[in-house]
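# A closer look at the structure
Given next are the chains, with one letter for each unit.
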Amino acid sequence: MAPTVLAARRRRSALRTLAFLSPWLIGSAVFFAYPLLSTAYFSFTRYDGFRPPAFSGTANWSYVFTDYPLFWPALRNTLWLVAVMVTCRVVFGLGVGLLVTKVRTGAGIFRTLFYLPYLAPPVAATLAFVFLLNPGTGPVNTLLDGVGLPGPGWFTDPGWSKPALTALALWGVGDLMVIFMAALLDVPKEQYEAAALDGAGAWARLRHITLPNISPIILFAVVTGVIQAMQYYTQPFVAGKAAAGVIGGSGQQFEPGYPDGSTLTLPQLVYNLGFQRFDYGAASVLALVLFALSMAFTALLMRRRGGLTGADG
């Protein structure tokens, strides 16, 4: 076959491939590449959304990392949520999934009861938790007082606010339960039977059969959990506002993070700087920090995926 004919076929094949890829390429360019490049550009400008952006060099970066007092507390809170809340959700979701798959009677009822909280709107669920955990009138502390245990301050105590948010996240663990339950039901029963014949106990079967088989699902749960934790905004903002007793309209200013900055997260700072203080340059810096952290955590987890479950990767 002549070289010109082969070249023409390759060109047609390349154009056909590009045609099929074009929806994804256009979508990625419009909704990912362009916003990312624009954010990087705005981070080096002084821009309030009304006047044209003016180049300011690294002034925004210097301000965020050295002069903005809320950045480091928000970063510490966000990393705490990534390390603690994500771990607790994955472990608890896996435990609930294991429990539900072992239930023989009323399994459908248990699945429904564990999944329903996940369907609750985040704002409504957070307000309900603030009411339940109210240190003065909430039923949780009332029950603790009834059995002689001291009731924590929960959302009004800086030392208990993040554990209270973690409890809220565990309450809505139904999404992970469904994912883990589907993965657990897909583990070959022959492996369990062979392990039982060899005398392996429940812990050995979990460690050497269950976890290696569902390790891709665990990795998926951890990676998506980390990304969600890096974007954690609604629950801590609503909890802080409700616990502080701030109930106002859209025009009311509220500094997030109550109590004492313990519920402050990086996404809240992005909103506060960008849409309340109209400092889009500093807000873009924070958005890029969030993006870099999410990419770094994801890359680290993908490289260390075997260590999540003891599997070989």
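Presented here is an overview of the structure given in this document. (Residues numbered from 1 in each chain as written. Predicted model: local features only at pLDDT ≥ 70, side-chain atom pairs only at ≥ 80, totals over all residues. Heavy atoms only, no water.)

### Considerations on the packing of helix H3 (residues 71–102) against helix H7 (residues 161–171)
Taken N-terminus to C-terminus, the directions of H3 and H7 make an angle of 35 degrees; their axes are 10 Å apart at the nearest point. Here H3 runs over H7; the crossing is right-handed. Taken together, the residues of H7 that come into contact with H3 (itself represented by Asn 77, Trp 80, Met 85, Cys 88, Arg 89 and Phe 92) are Lys 162, Pro 163, Leu 165, Thr 166, Ala 169 and Leu 170. Split by residue class, the contact of H3 with H7 holds 8 nonpolar, 2 polar and 2 charged. (Axes fitted to C-alpha atoms, helices over the stretch in contact; angles between N-to-C directions. Helix = DSSP H or I, 4+ residues; strand = E, 2+ residues; numbered from the N terminus. Left-handed = near helix turned anticlockwise from the far one by under 90°. Contact = heavy atoms within 4.5 Å. Nonpolar A, V, L, I, M, F, W, Y, C, P; charged D, E, K, R; others polar.)

### With respect to H3
Between its first and last C-alpha, H3 extends 46 Å over 32 residues, near the 46 Å set by a 1.5 Å rise per residue. The principal kink in H3, of about 25 degrees, is found at Leu 81. (Expected span 1.5 Å × (residues − 1). Bend = angle between axes of the 7 residues up to and from the residue.)

### Remarks on the pattern of salt bridges
What the rule picks out here adds up to 2 salt bridges. Residue Arg 51 pairs with Asp 48 through a salt bridge whose shortest N-O separation is 2.8 Å. A relative accessible area of 59% places Arg 51 in the exposed class. According to the relative accessible area criterion, Asp 48 is buried, its value standing at 16%. Here Asp 175 and Arg 89 are joined by a salt bridge, their closest N and O atoms 3.1 Å apart. Remark: Arg 89 occurs in helix H3 and Asp 175 occurs in helix H8 (residues 174–185); sequence separation between them is 86 residues. (Salt bridge = Lys/Arg side-chain N within 4 Å of Asp/Glu carboxyl O. Buried < 20%, exposed > 50% of the residue type's maximum accessible area, 1.4 Å probe, protein only.)

### Points about the environment of Ser 262
As for its position among the elements, Ser 262 is in the loop between helix H11 (234–243) and helix H12 (266–276). As for Ser 262 and Ala 296, which are separated by 34 residues in sequence, their C-alpha atoms are 24 Å apart. Looking at Ser 262, its side chain comes within polar contact range of the side chain of Ser 161, at 2.7 Å. (Polar contact = N/O pair within 3.5 Å; in protein donor to acceptor, adjacent residues only side chain to side chain.)

### A short note on H7
When H7 is considered as a whole, its buried residues turn out to be Ser 161, Lys 162, Ala 164, Leu 165, Thr 166, Leu 168 and Ala 169. At its buried positions, H7 is contacted by H3, helix H5 (122–132) and H11.

### What to know about the nonpolar core
Membership of the largest hydrophobic core comes to 54 residues, with the highest contact counts inside it found for Phe 71, Phe 155, Ile 214, Leu 266 and Leu 286. Considering each element in turn, this core owes the most residues, 11 residues, to helix H10 (residues 202–230). When sequence neighbours within four positions are dropped, the list of residues in contact with Phe 71 reads Val 64, Phe 65, Leu 266, Leu 269, Leu 286 and Val 289. (Core = buried A, V, L, I, M, F, W, Y, C linked by side-chain atoms within 4.5 Å.)

### Considering the packing of aromatic side chains
Taken as a whole and assessed by the stated rule, the structure comprises 18 aromatic pairs. Ring centres 5.2 Å apart and planes at 70 degrees place the aromatic pair Trp 154 and Trp 160 in the edge-to-face group. The class for Trp 154 is buried, based on a relative accessible area of 12%. Note on Trp 160: relative accessible area 37%, which makes it partly exposed. An aromatic cluster of at least three residues, connected via ring pairs, comprises Tyr 41, Phe 42, Tyr 47, Tyr 233, Phe 237, Tyr 271, Phe 275 and Tyr 280. A cation sits over an aromatic face here: Lys 102 above Tyr 192, 5.9 Å from the ring centre. Just above the ring of Trp 80 sits the side chain of Lys 162; from NZ or CZ to the centre is 5.8 Å. (Phe/Tyr/Trp six-rings, centres within 6.5 Å; stacked < 30°, edge-to-face > 60°. Lys NZ or Arg CZ within 6 Å of the ring centre and 35° of its normal.)

### A closer look at the environment of Leu 273
For Leu 273, the location among the structural elements is in helix H12. As for Leu 273 and Pro 121, which are separated by 152 residues in sequence, their C-alpha atoms are 26 Å apart. Once residues within four sequence positions are removed from consideration, Leu 273 is found in contact with Tyr 68, Phe 278, Asp 279, Ala 282, Ala 283 and Leu 286.

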